[in-house]
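Examination of the molecular architecture
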Amino acid sequence: VQLQASGGGLVQAGGSLRLSCAASGRTFRSYGTGWFRQAPGKERESVAAISWSNYNTAYADSVKGRFTISRDNAKNLVYLQMNSLKPEDTAVYYCAAHQVYSALAIVPDEEYPYWGQGTLVTVSS
């Protein structure tokens, strides 16, 4: 499966952005999906993940209550709605996917084989 992330940009602190991850090549329905980010000089970190059924989600503590992950399997899209953005959210954001059999599974961070190119999010203070 090929993944393409989009929707990044420059936004002021307190603003919102919605990132999209488009999948192609195979049906996306059976792929657990996650969003990661990497800030300059820092290691990549997990931001959010969602089971392919939409039933389960998981979030990093730093984004809980501000970010929402969702998906539309009919359109092969996964979204990351980011509200109340902070300068520390500035990073390149990546989406990742892994085919799993369980409709409820959240893929462990280290098990994603498919990655999209990043989209840059810059939050100004």
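Structure's up top.
In every chain, residue numbers begin from 1 and rise along the written sequence. Two thresholds apply to this predicted model, a pLDDT of at least 70 for residue-level local features and 80 or more for giving and counting side-chain atom pairs, whereas whole-chain, interface and lining totals are computed over all residues. By convention in this description, side-chain values take in all heavy atoms of the structure and omit both hydrogens and water.

1. As for the pattern of salt bridges
Two side chains of opposite charge can pair, provided their charged atoms sit close to one another. Which entries qualify depends on this criterion: Salt bridge criterion: a side-chain nitrogen from Lys or Arg within 4 Å of a carboxyl oxygen from Asp or Glu. Relative accessibility decides the category of a residue: with a 1.4 Å probe and only protein chains considered, values under 20% of the type maximum give buried, values over 50% give exposed, and everything between is partly exposed. Secondary structure elements follow DSSP: runs of H or I no shorter than four residues count as helices, runs of E no shorter than two count as strands, and numbering proceeds from the N terminus.
As enumerated under the stated definition, the model contains 4 salt bridges in all. Between Lys-64 and Asp-61 there is a salt bridge, with its nearest N and O atoms 3.2 Å apart. Residue classification places Asp-61 among the exposed positions, given a relative accessible area of 67%. Asp-89 is paired through a salt bridge with Arg-66; the nearest N and O atoms lie 2.7 Å apart. Taken as a pair, Asp-89 in the loop between β8 (77–82) and β9 (91–99) and Arg-66 in the loop between β6 (57–59) and β7 (67–72) lie far apart in primary sequence, 23 residues in all.

2. Description of the side chain of Asp-89
Note the following rule: Throughout, a contact is declared for two residues whenever any of their heavy atoms are within 4.5 Å.
On the basis of relative accessible area, Asp-89 is assigned to the buried category, the value being 1%. Those residues in contact with Asp-89, other than ones at most four positions away along the chain, are Arg-37, Arg-66, Phe-67, Ser-84, Val-121 and Val-123.

3. Digging into the sheet that holds strand β3 (residues 17–24)
Which entries qualify depends on this criterion: Note on pairing: two strands pair once DSSP finds at least 2 bridges between them. Angular values range over 0 to 180 degrees, each being the angle between N-to-C directions of two axes fitted as lines to C-alpha atoms, with helices fitted over their stretch in contact.
Sheet architecture is open: 4 strands sit in the order β1-β3-β8-β7, paired in antiparallel fashion. Edge positions in the sheet fall to β1 (2–6) and β7, since each has one partner strand and no second. When strand polarity is set aside, the average angle formed by the axes of neighbouring strands in this sheet is 15 degrees. Pairing of β3 with β8, which is carried by 6 bridges, proceeds in the antiparallel orientation. Opposite Leu-17, over in β8, you have Met-82 as the bridge partner.

4. Quick look at the nonpolar core
Let me state the cut-off plainly: Take the buried Ala, Val, Leu, Ile, Met, Phe, Trp, Tyr and Cys residues and link them wherever side-chain atoms come within 4.5 Å; each set so joined is a nonpolar core.
Leu-3, Trp-35, Val-47, Phe-67, Leu-80, Met-82 and Tyr-93 are the most contacted members of the largest nonpolar core, which totals 29 residues. Only β1, β3, β4 (31–38), β5 (45–50), β7, β8, β9 and β11 (119–124) provide two or more residues apiece to this core.

5. Some remarks on the packing of aromatic side chains
Under the convention used in this document: Put simply, two rings from Phe, Tyr or Trp (the six-membered ring, in Trp's case) pair if the centres are within 6.5 Å, and we call them stacked under 30 degrees between planes, edge-to-face over 60, tilted for the rest. Whether a charge lies above a ring is judged from NZ of Lys or CZ of Arg, which has to be within 6 Å of the ring centre and within 35 degrees of the ring normal.
Taken as a whole and assessed by the stated rule, the structure comprises 5 aromatic pairs. Ring centres of Phe-28 and Tyr-31 lie 6.1 Å apart, and the angle between their planes is 25 degrees; this geometry places the pair in the stacked category. Comparing Phe-28 with Tyr-31, the two get one shared label, buried. Aromatic side chains Phe-36 and Tyr-112 sit 5.4 Å apart centroid to centroid with 85 degrees between the ring planes, which places their arrangement in the edge-to-face category. One end of the pair, Phe-36, is in strand β4; the other, Tyr-112, is in the loop between β9 and β10 (114–115), with 76 residues separating them in the sequence. The same class applies to Phe-36 and to Tyr-112, which are both buried. The ring of Phe-36 carries the charged tip of Arg-44 above its face, separated from the ring centre by 5.7 Å. One cation-aromatic arrangement involves Arg-44 over Trp-115; the distance from NZ or CZ to the ring centre is 3.9 Å.

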